[in-house]
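Breakdown of the fold
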Amino acid sequence: MSGKSLAELTKKVAEVSDTYAQRCSIERDDDWYLIKIGEELGELNAEYLRMTNRGRFDATRTRDKVQTALSDELADVFAQILLFAQHNQIDIEAALARKWFKYLPQEEN
């Protein structure tokens, strides 16, 4: 997947989300996109707490499995952010340039 643009990633994520919504009979209204980010962020937080020995650690889960779960939950958060941006017509690349990249030297923008 490396080398893909955000637009390409967003398109693929949207296809998966459409399939998921159809298969599970989920109606994605305006609120769903933001609420789903919160849900996924909670799951990421739980895995991070496990990884840092501050959450319940099931003895059947190795550290490698927890690391994989942490990575997977981060992917879920990132995917939901892409979906939220798409649903709300937010150009995340332009927003990053405006909000973050303005602090870089001009030749790096």
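Let us look at the structure shown here. (Residues numbered from 1 in each chain as written. Predicted model: local features only at pLDDT ≥ 70, side-chain atom pairs only at ≥ 80, totals over all residues. Heavy atoms only, no water.)

**Describing the packing of aromatic side chains**
Worth spelling out the cut-off: Pairing of aromatic side chains here covers Phe, Tyr and the six-membered ring of Trp, requires ring centres within 6.5 Å, and sorts the geometry by plane angle: under 30 degrees stacked, over 60 edge-to-face, intermediate tilted. Buried, partly exposed and exposed residues are distinguished by accessible area as a fraction of the type maximum, computed with a 1.4 Å probe on protein chains only: under 20%, between the cut-offs, and over 50%, respectively.
Counting across every chain of the model gives 1 aromatic pair. Relative to tyrosine 33, the ring of tryptophan 32 has its centre 5.1 Å away and its plane inclined at 90°; by these criteria the two rings are edge-to-face. Each member of the pair, tryptophan 32 as well as tyrosine 33, is classed as buried.

**Notes on helix H2 (residues 30-51)**
Residues spaced three or four apart along an α-helix point in a common direction, a consequence of the helix completing one turn every 3.6 residues. Worth spelling out the cut-off: Helical segments are the DSSP runs of H or I of at least four residues, strand segments are the runs of E of at least two, and each set is numbered from the N terminus. In a helix, the anticipated span is given by 1.5 Å times the number of residues less one. Read the arc as the range of directions from the helix axis to the C-beta atoms.
An ideal rise of 1.5 Å per residue puts 32 Å on 22 residues; H2 measures up with 33 Å between its terminal C-alpha atoms. Restricting attention to buried positions, one finds in H2 the residues Trp32, Tyr33, Lys36, Ile37, Glu40, Leu44, Glu47, Arg50 and Met51. Summarising the axial view, the buried residues of H2 lie within an arc of 145°, below the 170-degree limit, and thus occupy one face. Exposed residues pointing more than 90 degrees away from the buried face of H2 are listed as Asp30, Leu34 and Ile35. Residue asparagine 53 follows H2 closely and has a positive phi angle near 60°.

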